[in-house]
Structure formats: structure tokens, C-alpha cells
Amino acid sequence: MTTILMLGGTAEAVTFARCLAGKFDVIYSLAGRTRTPTLPDCALRVGGFGGVDGLMSYVRETGISAIVDVTHPFAAQMAANARAAAALAGVPLFKFLRPAWDEPSDAPWLHAATASDAARIIDGRFGRVFLSSGLGDIAAFAPLSTIWFLVRSVDPSNVPAVLAQHHHLTSRGPFDLAAETALLSDWHIDALVSKNSGGQATIAKLHAARALGIPVVMIDRPPVPPGNLYTDIATARHAIRRFFQ
Ligand code: NAP
């Protein structure tokens with residue numbers, strides 16, 4: 001059977017891997033950042049490949065026929081490596097990217113290019129901030145010692161300890177509007193920092209912030225490497241099946 005390397009770490013990757021299993025041998029790859037990831041029922045490998053050359057060697061040595069990149073929209077390094085390694089190894093790359101969230105016209109976002117940019121925007125402007133942008137870039141907010149942060153992540157972690165004042169919640173989406181509204185109200189949040197991750201699982205925080213009139217600082221997506229891009233799983237699956245007919 002044709003072997004596909006799926007670069008995962010998202011809910012869509014798990015769904016996608018399950019869709020392809022049976023027709024293809026799928027190897028599901030994770031960076032290994034999350035202690036208790038959701039997994040599809042297929043072969044699993046965990047950890048970095050060692051850059052473009054490492055990925056290219058893995059593809060050749062394992063007999064991979066295609067790379068399917070279903071990583072998070074902010075996993076820019078992995079996306080670039082996948083494109084370069086696929087070209088060098090001579091295998092096709094299918095990239096899935098969930099659509100970004102749209103900015104509401106009646107509640108414009110404060111746009112940030114990076115987490116450091118978001119930190120500059122909230123500095124001196126807000127006092128109680130829901131930091132929902134993940135733990136990866138949390139060090140960018142460490143200098144803001146006068147701001148109290150509510151931090152939420154899938155894994156329990158000591159990372160928020162870099163923040164002078166914070167409360168850390170451990171929970172996994174999807175989150176609903178009632179719960180997100182209660183969260184923002186109960187903790188007296190006056191600003192929300194988010195990445196433009198897109199998708200339905202975590203969008204309720206944006207609806208809750210809008211309903212409560214809480215400003216949103218949105219970290220915009222990194223650029224997408226050029227090439228074939230699919231924004232829904234059914235179309236991507238169809239393209240892969242057609243390619244290997
Ligand atoms: P990144 O900055 O683009 O990648 C950094 C390095 O991590 C890559 O060069 C690669 O190491 C390794 N890596 C990343 N994804 C991998 C995968 N699926 N399988 C094997 N190695 C991988 O990535 P990131 O933003 O740290 O994200 C890491 C993982 O978390 C990804 O699977 C992503 O889908 C998931 N995730 C990220 C976010 C986010 O906000 N960034 C949110 C939710 C989930 P080598 O160069 O050694 O190969």
C-alpha cells in the first residue's frame with residue numbers, strides 16, 4: 001500500500017488520518033509538544049526530523065510516497081521544511097490549512113504581527129488579560145509585570161511561571177459560548193490575546209469577547225509557503241486519492 005506521512009498536531013489531522021487509513025498506510029507525525037495528544041488509529045512517530053535534510057532522508061528511507069501537512073497555521077517552520085523536503089525527495093505535498101477567522105466589522109481587532117508585538121500593544125493599556133495564544137510564545141509577555149494574565153493550555157505546565165501575575169487553567173477545547181462568556185466575566189478580563197488559529201473549536205472566546213465589548217488583540221498568521229493548498233478535508237482527500245489512482 002502507498003505510504004503517506006501526515007504531519008499532525010491538530011484536530012483536523014486526526015480526522016484526516018482516520019479518513020485516509022484503509023486506503024493508505026498513514027504514518028502520523030507529532031513534534032511531541034503535548035503530553036496527552038489525541039491520536040488517530042495508525043502508525044505514530046514523535047519528534048523533529050532534524051530540519052529539511054532530516055525530513056528528506058526520512059521520506060526516502062521510509063518509502064514515503066506523499067507528505068500531507070496538516071500542522072497548525074502557526075507552525076510555519078514545519079510547513080516550510082515540508083515543502084522543501086518534498087521537492088528534494090521528489091514526492092508530492094498536500095497542504096491543509098483551516099480558514100482564518102474573519103474580523104467583525106463592528107468590533108475591529110487590534111492586529112499584532114507576533115507575540116512580542118501583542119505584548120507591546122497591551123503594555124500600559126490593559127490590566128487583566130486572557131492570554132489564549134498558547135504557551136509557545138509566553139516569554140514575550142514576561143516583561144509585563146503589572147498585567148495579570150489568565151493563561152489556558154491543554155497540558156499542565158510550569159511555563160506560565162515566567163509571568164509575574166497569572167492564573168493557569170488546563171483544559172482542552174472545544175469551548176462553548178456560555179462557558180467562554182462566564183470565564184471572561186468571572187475573571188474580570190479587559191482584553192483577549194489570541195492567534196488567528198481559525199476553526200470552530202476555539203472561536204467561542206471571540207464571540208464572548210465581542211458580546212462583552214472586550215477588545216481582541218489578534219496575532220495574524222505567518223505567510224503560507226507557495227503551492228497547493230486545501231481548506232477542507234474532503235477536497236484534500238479527493239485530490240490525494242485522484243493522484244494515486
Ligand atoms: P514549528 O515552529 O513550525 O516547527 C518547529 C520544529 O518542530 C520543526 O522544524 C520540526 O523539527 C518540529 N515539528 C513541528 N511539527 C512537527 C510534526 N508534526 N512532526 C514532527 N516534527 C515537527 O512548529 P510549532 O509551531 O512548534 O508546532 C509544533 C506542533 O504543534 C505541530 O505539530 C503543530 O501542528 C502543533 N500546534 C502548534 C500550534 C502553534 O500555535 N504553533 C498550536 C497547536 C498545535 P525538525 O526541524 O527537527 O524536523
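Keep in mind it's a predicted model, so treat the numbers as computed, not measured.

Conventions and cut-offs
- Residues numbered from 1 in each chain as written.
- Predicted model: local features only at pLDDT ≥ 70, side-chain atom pairs only at ≥ 80, totals over all residues.
- Heavy atoms only, no water.
- Near = heavy atom within 4 Å.
- Polar contact = N/O pair within 3.5 Å; in protein donor to acceptor, adjacent residues only side chain to side chain.
- Areas by Shrake-Rupley, 256 points an atom, 1.4 Å probe, with all protein chains shown as cover.
- Helix = DSSP H or I, 4+ residues; strand = E, 2+ residues; numbered from the N terminus.
- 1 Å grid on protein atoms, 1.4 Å probe; cavity = no way out; pocket = protein on both sides within 12 Å on 5 of 7 lines; lining within 4 Å.
- Points joined across faces, edges and corners; volume = space filled by probe spheres on them.
- Nonpolar A, V, L, I, M, F, W, Y, C, P; charged D, E, K, R; others polar.
- Axes fitted to C-alpha atoms, helices over the stretch in contact; angles between N-to-C directions.
- Parallel < 35°, antiparallel > 145°, perpendicular 65-115°, else oblique.
- Left-handed = near helix turned anticlockwise from the far one by under 90°.
- Contact = heavy atoms within 4.5 Å.
- Buried < 20%, exposed > 50% of the residue type's maximum accessible area, 1.4 Å probe, protein only.
- Arc of directions from axis to C-beta.
- Pairing = 2+ DSSP bridges.
- Right-handed = clockwise from strand over helix to strand, strands pointing away.

(A) Broad picture of the site of the ligand. Lining the immediate environment of the ligand, one finds 21 residues, of which Gly8, Ser29, Phe49, Met78 and Lys195 sit closest. Within the backbone of Ala75, one N or O atom sits 3.2 Å away from an oxygen atom of the ligand. Burial of the ligand by the surrounding chains reaches 76%, relative to a free accessible area of 810 Å². Secondary structure elements with two or more residues in the shell around the ligand: β2 (25-30) and α3 (76-89). A per-element tally of the shell around the ligand places α3 first, with four residues.

(B) Spotlight on the layout of surface pockets. Estimates place the volume of the second largest pocket at around 260 Å³. Around the second largest pocket, the lining is made up of 16 residues, and of these Pro104, Ala107, Trp109, Leu206 and Arg210 lie nearest the centre. Counting residues per element, the lining of the second largest pocket draws most heavily on helix α6 (residues 204-212), at four residues. Its residues assigned to classes, the lining of the second largest pocket comprises twelve nonpolar, two polar and two charged.

(C) Representation of the packing of helix α1 (residues 11-20) against helix α7 (residues 233-243). In the contact formed by α1 and α7, the axes pass within 11 Å of each other and the chain directions differ by 40°. Of the possible angle classes, the one that applies to α1 and α7 is oblique. Seen along the crossing, α1 lies across α7 with a hand that is right-handed. Touching Glu12, Thr15, Phe16, Cys19 and Leu20 of α1 are Ile233, Ala236, Arg237, Ile240 and Arg241, all from α7. The residue makeup of the contact of α1 with α7, split by class, is six nonpolar, one polar and three charged.

(D) Geometry of empty space enclosed by the protein. Summed over all chains, the structure comprises one cavity of 30 Å³ or more. Around the largest cavity sit His72, Pro73, Ala75, Ala76, Ala79, Lys95, Leu97, Pro222, Pro223, Val224 and Pro225, which together line it. Tallied by class, residues from the lining of the largest cavity come to nine nonpolar, one polar and one charged.

(E) Broad picture of the side chain of Glu12. The residue Glu12 is located in helix α1 in this model. Using a relative accessible area of 17% as the deciding quantity, one classes Glu12 as buried. A polar side-chain atom of Glu12 sits 2.7 Å from a polar atom in the side chain of Arg98.

(F) Main features of α7. Of the positions making up α7, those classed as buried are Ile233, Ala236, Ala239 and Ile240. Along α7, the residues classed as buried sweep out an arc of 130° about the axis, all on the same side. On its buried face, α7 is in contact with β1 (3-7), α1, β4 (66-69), β5 (93-96) and β12 (229-230).

(G) Main features of the pairing of β4. Burial of β4 is two-sided: the residues Ala66 and Val68 facing one way and the residues Ile67 and Asp69 facing the other way are all buried. Sheet analysis places β1 next to β4, joined by four bridges and oriented parallel. For Leu5, the partnering residue across the bridge sits in β4 and is Ile67. As paired elements, β4 and β5 share three bridges and run parallel to each other. In the sheet register, Asp69 faces β5, and the bridge partner there is Lys95. Between the parallel pair β4 and β5, the chain is carried across by α3, and the sense of this crossover is right-handed.

(H) Spotlight on the sheet that holds β2. Strand order in the open sheet formed by six strands is β3-β2-β1-β4-β5-β12, with parallel pairing between adjacent strands. Edge positions in the sheet fall to β3 (43-46) and β12, since each of these pairs with one other strand and no more. Sheet topology note: the β2/β3 ladder contains four bridges and is parallel. Paired with Ile27 across the strands is Ala43, a residue of β3. Along the sheet, α7 makes contact with β1, β4, β5 and β12, crossing β5 at roughly 170°.

That's the geometry; what it means functionally is another story.
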